[in-house]
Structures are given as C-alpha cells and as structure tokens.
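Single-letter residue listing:
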Amino acid sequence: MSLATRITELAQAIAADVKSLKAAQGNLSVLNTTAKTSLVAAINEVLQLAQAAGSSSGAAINDAAASAGSTFSSSHIITLLADLKNQILGGASSALDTLAEIEARFGTDETAVANLLTAVGNRLSFADAQSLTAAQQLQACANLGIGDPTTDFLAAYTAAKG
C-alpha cells in the first residue's frame, strides 16, 4: 500500500471524526462528569479525580501497563530505553555502536568514504536542489513507497467529509 493511499485513508478517517465531533459539538450533557458547563470544567474535574486517586502529581506507578492515569517507574523506563537502544543498534558490534566510532572508522578509510560518496552522488538528494522529470519524480516516490506525488489530498478530504 502506497503512502498516498495511506494518507488518503487517514484523510477519510479524519473527516469521519470531524463529522462525529460536529454531531456532538455543544452537547455537554453526554459527559460522564458532574461538570457539564464546559469541556474545560469537565477536564479539570477528571484531573482532580486523578490527583486524588494517586499522589499529589496524580500519577501512580504501574509497570504492568501504560495508561493515562499512571506512569512507569524510573527503573522500568530505563529498561524500556535499553530495549530501544538494542533495537536501534540491531546487534551492531561494539566497535561501531556509537556515532563517534562510526566517524572514526570512516574518517580514516578513504576508500570507503570515496565509495560512499560515489553511491550518494547517484541518489536522490534531500540537501541539494535537483531537476527531475515527472517520470523521475514518480519513480523516486514509488521507490520510497509514497505513491503518486500528484495525489490531490484536499479532494480526498473534501470527498470524505461530504
């Protein structure tokens, strides 16, 4: 599925949500709070309830599951960050697992740098302006999974919101 298709589906979903919000706009009686005069008052009521249920900050520690009414402990956050680091490194050896080590390696290997520069020169640039034909633009977008760069997202949104 191309990015254009995904963005079109997103625009359609947003339009459906806007329709739903428009239908509920001004109908504060459906709130499950005692404060029904405004959304701000209802949100403040929920915040006060959360603070009363937990500590003075309102955030009770719960490492079992993420929720809006609790937070993870610092040790659980550190574990999650370590897991994320491992996912980013993807098993890279300790010799090249930091940006400084990568710079040190490629900074001294002129052949590798020359090969990289040649390869980069043959690619679509995000740093320099390039003149691409419509066919080249379409191919570049297809390679990136974006789809047709001429997709009219406004038309998709307008059609979806009816």
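K.L.:
Now, about the overall build of the protein: what can you tell me, with residues and values included?
P.N.:
Along its length, the protein carries seven helices and two strands. Listing the helices and strands of the protein from first to last along the sequence gives α-α-β-β-α-α-α-α-α. Relative to a compact globule of 162 residues, whose C-alpha radius of gyration would be 15 Å, the protein shows 26 Å and is clearly more extended. Judged by the C-alpha coordinates and their principal axes, the protein covers about 70 × 50 × 25 Å. Evaluated residue by residue, the protein yields a buried proportion of 11% over its 162 residues. Long-range contacts, defined here as pairs at least 24 residues apart, represent 33% of the contacts in the protein between residues at least 6 apart. Accessible surface, the protein: about 12200 Å² in total, of which carbon and sulfur atoms supply 61%. In the protein, 8 side chains carry a positive charge and 13 a negative one; their mean positions are 13 Å apart.

K.L.:
Before we move on, could you go through the confidence of the model for the protein and cite the residues and values that matter?
P.N.:
Low-pLDDT stretches of the model should not have their predicted coordinates read in fine detail. When pLDDT is averaged along the protein, the result is 80; 90% of the residues meet or exceed 70. Helix α3 (residues 74-89) holds the highest mean pLDDT among the elements of the protein, 88, whereas strand β1 (residues 60-61) holds the lowest, 75.

K.L.:
I'd love a proper account of the side chain of Glu-45, names of residues and values included.
P.N.:
Locating Glu-45 in the fold gives a position in helix α2 (residues 39-53). One buried charged residue, Glu-45, forms no salt bridge at all, with the nearest opposite charge on Lys-36 at 7.5 Å. A distance of 3.0 Å separates the side chain of Glu-45 from the side chain of Thr-34, its partner in a polar contact. Once you skip the residues sitting within four places of it in the chain, Glu-45 turns out to touch Thr-33, Thr-34 and Ala-35.

K.L.:
How would you explain the side chain of Ser-73 if you had to name every residue and give the values?
P.N.:
Residue placement: Ser-73 occurs in the loop between β2 (70-71) and α3. Residue Ser-73 is classed as buried on the basis of its relative accessible area of 13%. Setting aside its immediate chain neighbours within four residues, Ser-73 contacts Ile-61 and Asp-63.

What counts, and at which threshold
Residues numbered from 1 in each chain as written. Predicted model: local features only at pLDDT ≥ 70, side-chain atom pairs only at ≥ 80, totals over all residues. Heavy atoms only, no water. Helix = DSSP H or I, 4+ residues; strand = E, 2+ residues; numbered from the N terminus. Rg over C-alpha atoms; globule rule 2.2 N^0.38 Å. Buried < 20%, exposed > 50% of the residue type's maximum accessible area, 1.4 Å probe, protein only. Contact = heavy atoms within 4.5 Å. Areas by Shrake-Rupley, 256 points an atom, 1.4 Å probe, with all protein chains shown as cover. Lys, Arg positive; Asp, Glu negative; His and termini not counted. Charge placed at Lys NZ, Arg CZ, Asp CG, Glu CD. pLDDT = per-residue confidence, 0-100. Salt bridge = Lys/Arg side-chain N within 4 Å of Asp/Glu carboxyl O. Polar contact = N/O pair within 3.5 Å; in protein donor to acceptor, adjacent residues only side chain to side chain.

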